[in-house]
Amino acid sequence: TIEEVSAPSGYKKLDDTYKFKVFNYDNKTKTVNIYNMPLRYYITIKKEFEKYERLEETPEGVKAIYGTKPADDVIYGLYANENIYNVDGDTLYVKDELIAQIPIQNGTAIYDKVPYGNYYLKELECPKEYELNSDIVEISLKDNASSNIDLYFLNSIKKGNIKIIKLDNEIGLEGAKFKFKGKNYVSPIVITSDKDGYINIEDIPYDTYLLTEIQAPEGYKIDGEEKSIVLNTTNEVYRFYNEKEEE
């Protein structure tokens, strides 16, 4: 009998035991042909997007709450991290060559029949409202690797902070109430200035927001004009002034 103890690098180990008989010893060599299949691997990518859910008021200010959802319209690039060869020793891919563009739909992509070798994966495209993931993930598909490589990634929404300051000249005004809403994300919510006249709104998605005063601080005229706030950087500060009521 012949049993394979270990396979050559890049080939699948044989599970079967080969049996043969020698009936007459005649000083001749018996040839037994045994074939190994090349190793092939599957790369499974699970991808999610941050999903805006709601705003919540906290003692420190107003914060956005997020969940997740399956990602769509994302493309990953699979690259060779070394020269990759076929079973005959011919070069399939040279180092840093783009092997495939892998599209993500409904949160998943599977790329199969990847040859033995070392690779890396990086994100090439995602929807503009999300941060492109700049991480480069190295993948080693060698003898000790599982036949299926599972990877998980999360893209964050582009977001920032808004600070609203309610003032009489340079004095902060407490108790001003506003209706705050976004064009694409935030449902209307009522927010209130603190003792220093501040309203901090943290980690909200880039968007155009609308702010309308619905209650002025005591002793001040209400400013009912709807204000537009464009958030497209990390931090935005807006100052709004009230005039005192006439006595």
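Procedures and definitions
Residues numbered from 1 in each chain as written. Predicted model: local features only at pLDDT ≥ 70, side-chain atom pairs only at ≥ 80, totals over all residues. Heavy atoms only, no water. Helix = DSSP H or I, 4+ residues; strand = E, 2+ residues; numbered from the N terminus. Buried < 20%, exposed > 50% of the residue type's maximum accessible area, 1.4 Å probe, protein only. Contact = heavy atoms within 4.5 Å. Areas by Shrake-Rupley, 256 points an atom, 1.4 Å probe, with all protein chains shown as cover. Pairing = 2+ DSSP bridges. Axes fitted to C-alpha atoms, helices over the stretch in contact; angles between N-to-C directions. 1 Å grid on protein atoms, 1.4 Å probe; cavity = no way out; pocket = protein on both sides within 12 Å on 5 of 7 lines; lining within 4 Å. Points joined across faces, edges and corners; volume = space filled by probe spheres on them. Nonpolar A, V, L, I, M, F, W, Y, C, P; charged D, E, K, R; others polar. Salt bridge = Lys/Arg side-chain N within 4 Å of Asp/Glu carboxyl O. Core = buried A, V, L, I, M, F, W, Y, C linked by side-chain atoms within 4.5 Å.

Student: Just give me the short version of the overall build of the chain, but keep the residues and values in it.
Tutor: Within the chain, the secondary structure is distributed over zero helices and 20 strands. Split into buried and exposed, the 247 residues of the chain put 37% on the buried side. Excluding contacts between residues fewer than 6 apart, the proportion of contacts in the chain whose partners are at least 24 apart in sequence is 62%. Total accessible area on the chain stands at roughly 15,300 Å², and carbon and sulfur atoms take up 45% of it.

Student: With reference to specific residues and values, describe the sheet that holds strand S18 (residues 207–215).
Tutor: Spatially, S16-S15-S18-S19 is the arrangement adopted by the four strands of the open sheet, whose pairing is antiparallel. A single partner strand is all that each edge strand has here, and the edge strands are strand S16 (189–192) and strand S19 (227–231). Taking each pair of neighbouring strands and ignoring which way they run, the sheet shows an average axis angle of 35 degrees. Of the strand pairs in this sheet, S18 and S19 are connected by five bridges, and their pairing is antiparallel. Residue threonine 208 lies in a different strand from S19, and its bridge partner there is valine 230.

Student: Go over the layout of surface pockets with me, naming the residues and quoting the values.
Tutor: Quantified by volume, the second largest pocket comes out at close to 170 Å³. Taken together, 13 residues form the lining of the second largest pocket, with Thr58, Gly61, Thr192, Asp194 and Tyr198 sitting closest to its centre. For the lining of the second largest pocket, the secondary-structure elements that each account for two or more residues are strand S3 (40–58), strand S4 (61–70), S16 and strand S17 (198–205). With three residues, S17 is the single largest residue contributor to the lining of the second largest pocket. Broken down by class, the residue content of the lining of the second largest pocket amounts to five nonpolar, five polar and three charged.

Student: Summarise the pattern of salt bridges; cite the residues concerned and give the values.
Tutor: Under the definition given, this model contains 10 salt bridges. One salt bridge in this structure joins aspartate 196 and lysine 195, with 3.3 Å as the shortest N-O distance. Given the relative accessible area of 60%, lysine 195 is considered exposed. For glutamate 243, the salt bridge goes to lysine 221, with nearest N and O atoms at 3.9 Å. Of this pair, glutamate 243 sits in the segment after strand S20 (235–241) while lysine 221 sits in the loop between S18 and S19, and the two are 22 residues apart along the sequence. Exposure remark for glutamate 243: the relative accessible area of 55% places this residue in the exposed category. Several salt bridges share partner residues, and in doing so they unite Glu53, Arg54 and Glu56 into one network.

Student: Break down the sheet that holds strand S5 (residues 74–80) for me, citing the residues and quoting the values.
Tutor: If you trace the four strands from one edge of the open sheet to the other, you get S8-S5-S10-S11, paired in antiparallel fashion. Where the open sheet ends on each side, the last strands, each with one partner, are strand S8 (98–104) and strand S11 (136–141). Neighbouring strand axes in the sheet, compared pairwise and without regard to direction, differ in orientation by 25 degrees on average.

Student: Could you give me a rundown of the nonpolar core, with the residues and numbers involved?
Tutor: For soluble globular proteins, nonpolar side chains are generally found buried alongside one another. The biggest cluster of nonpolar side chains holds 49 residues, and the ones touching the most others in it are Ile162, Phe180 and Ile191. Leave out the neighbours within four places in its chain, and phenylalanine 180 touches Leu55, Ile162, Val186, Ser187, Pro188, Ile189, Ile191, Ile201, Ile204, Tyr209, Leu210 and Leu211.

Student: Can you explain the environment of isoleucine 165? Please cite residues and give values.
Tutor: By the element assignment, isoleucine 165 lies in strand S13 (residues 159–168). When the C-alpha atoms of isoleucine 165 and serine 193 are compared, they prove to be 7.6 Å apart, with 28 residues separating the residues in sequence. Here isoleucine 165 is in contact with Gly197, Tyr198, Val237, Tyr238, Arg239 and Phe240, once residues within four sequence places are set aside.

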